[in-house]
Amino acid sequence: MNYQDTIHWMFQQLPMYQHKGKAAYKEDLSNTITLSEYLNHPEKRFKSIHVAGTNGKGSTSHMLASVLQEAGYKVGLYTSPHLKDFRERIRINGKVISKQFVIGFIKRNKPFFEANHLSFFEMTVGMAFDYFAKQDIDIGVVEVGMGGRLDSTNIITPELSIITNIGLDHMQFLGNTLEKIAVEKAGIIKQNIPVVIGQTQSEIQSVFKEKAREHKADIYFADQLIDEVLESDLKGSYQQHNIKTVMQTVICLRPLGYQISKAQLKRGLLNVVKHTGLQGRWQILQQHPIVICDTAHNKEGLSYVMKQLRTKAFDRLHIVFGVVNDKNLDTIIPLLPKDAIYYFCKPNIPRGLDADQLQWTFDKEGLAGSAYQSVAQAYQAAKRNAGKTDLIYIGGSTFVISEVI
């Protein structure tokens, strides 16, 4: 199989949350543990930092990788989902995994994957850990796919764990209250391993404190400990929380032997996109009219983005919007401006919500616009209609963003 065949097999043959939703979610780690044994425990052959949270875990992971690279370390970065190419999920010092490694890994292990009915996530985590071990990285920044306790990444024993924040997302898997979701995320807290919490949330901080006490893990609430916010090239206002989380993480890493100067921290935060290739976070695609896209896709993420949109100067606001079909629109619609012109679209994945259905739901709530056959058509229509002093915002789903960048 060539690269496209290999990726096609991975996407098509196995249940995957990105495409299928709940069918891809496994209820325990037994498959991942079996795979790890088969691969000779690659996760034990490199040091790591584990990053969980409802929002901000991707940005935090990329910022942290950038800072560590700036400090001279060889840094593996595992994140999900990808925007354009599967290989974005697995990088070393910003460079994506080679097509040859992806092809070879699947080819060598395909009989084992098939015999054990491994999911897309399990295979991908196995691939990332195997790659990092073989490439002899200094440290890997490993982002949780979803939740924490039962996530395939949760076989690592990291140097440090991070939980950015808790919001109501993926409730069909993780529970329908902040407390239940916090318990799942707290599942990454390990015995004697320090944990950094990005944002203090009064209703759930006891969940983290209790879990940390149980595991004799030192716990640090970044927003209580960091006053100064350094600048970053990631310009979303919500990044302030993530910057504080990274700054506290660096403070915790120093006593563990990591040498990261203030200057390296500053440079790392200012060069995240250059060092790691991160896209889709308050990304400005063009000027006149200004076009901004952001992967925010739940209540907490979108509330920050909408607040920042309101600080911008423009004549009319055009919003290109699409979502997946398990999204709770009742929590999102109240955040969105009623005076915008909407361009509804369905992201090109099976889980995408039909654009006509999206339009009907928005229309009922007084948000007017038209439905389009594709993301590209919706975006083109917005560009045709927008004057030079207007603003176009594209969002609602990571999978919408992946079609415009």
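Residues numbered from 1 in each chain as written. Predicted model: local features only at pLDDT ≥ 70, side-chain atom pairs only at ≥ 80, totals over all residues. Heavy atoms only, no water.

### Digging into the confidence of the model for the chain
Part 1 of the reasoning: Residues with a pLDDT of 70 or more make up 95% of the chain, whose mean pLDDT is 93.
Part 2 of the reasoning: Within the model, pLDDT remains below 50 along residues 16-20, and this stretch shows 26 contacts once partners closer than five positions in the same chain are excluded. (pLDDT = per-residue confidence, 0-100. Contact = heavy atoms within 4.5 Å.)

### Things to note about unusual backbone geometry
Trans peptide bonds make up the majority, and among non-glycine residues the majority have a negative phi.
Part 1 of the reasoning: In this model, Ser80 is joined to Pro81 through a cis peptide bond whose omega is -5°.
Part 2 of the reasoning: Along the chain, Pro81 falls in the loop between strand E2 (75-78) and strand E3 (90-92).
Part 3 of the reasoning: Cis peptide bonds are those with omega within 30 degrees of zero, and the linkage from His288 to Pro289 qualifies with -5°.
Part 4 of the reasoning: Considering the arrangement of structural elements, one finds Pro289 in the loop between strand E9 (283-286) and strand E10 (290-293).
Part 5 of the reasoning: At Asn40, a position not held by glycine, the phi torsion is positive, near 70°.
Part 6 of the reasoning: For Asn40, a relative accessible area of 54% translates into the label exposed.
Part 7 of the reasoning: The phi dihedral of Asn192 is positive, around 60°, even though this residue is not glycine. (Helix = DSSP H or I, 4+ residues; strand = E, 2+ residues; numbered from the N terminus. Buried < 20%, exposed > 50% of the residue type's maximum accessible area, 1.4 Å probe, protein only.)

### Focus: the pairing of strand E5 (residues 139-143)
Part 1 of the reasoning: Burial runs high along E5: five of the five residues are buried.
Part 2 of the reasoning: Alternating positions in E5 separate into two faces, Ile139, Val141 and Glu143 on one and Gly140 and Val142 on the other, with burial throughout.
Part 3 of the reasoning: For strand E1 (residues 47-52) and E5, the ladder comprises five bridges, and the chain directions are parallel. Residue pairing for E5: His50 is matched across the bridge by Val142.
Part 4 of the reasoning: Both E2 and E5 contribute to a ladder of four bridges, which runs parallel. Along E5, the bridge assignment pairs Leu77 with Val141. (Pairing = 2+ DSSP bridges.)

### Let's talk about the pattern of salt bridges
Part 1 of the reasoning: A full pass over the atoms with the stated rule returns 10 salt bridges.
Part 2 of the reasoning: Among the ionic pairs, Glu228 bridges to Lys262, the shortest N-O distance being 3.5 Å. In this pair, Glu228 is assigned in the loop between helix H10 (222-225) and helix H11 (239-253) and Lys262 in helix H12 (residues 262-270), connecting sequence segments 34 residues apart.
Part 3 of the reasoning: Taking relative accessible area as the criterion, Glu228 reaches 41% and is therefore assigned partly exposed.
Part 4 of the reasoning: Residue classification places Lys262 among the partly exposed positions, given a relative accessible area of 40%.
Part 5 of the reasoning: Salt-bridge contacts for Arg316 lead to Asp390; the nearest nitrogen and oxygen are separated by 3.3 Å. Remark: Asp390 occurs in the loop between helix H17 (375-385) and strand E14 (391-395) and Arg316 occurs in the loop between helix H14 (299-309) and strand E11 (317-321); sequence separation between them is 74 residues. (Salt bridge = Lys/Arg side-chain N within 4 Å of Asp/Glu carboxyl O.)

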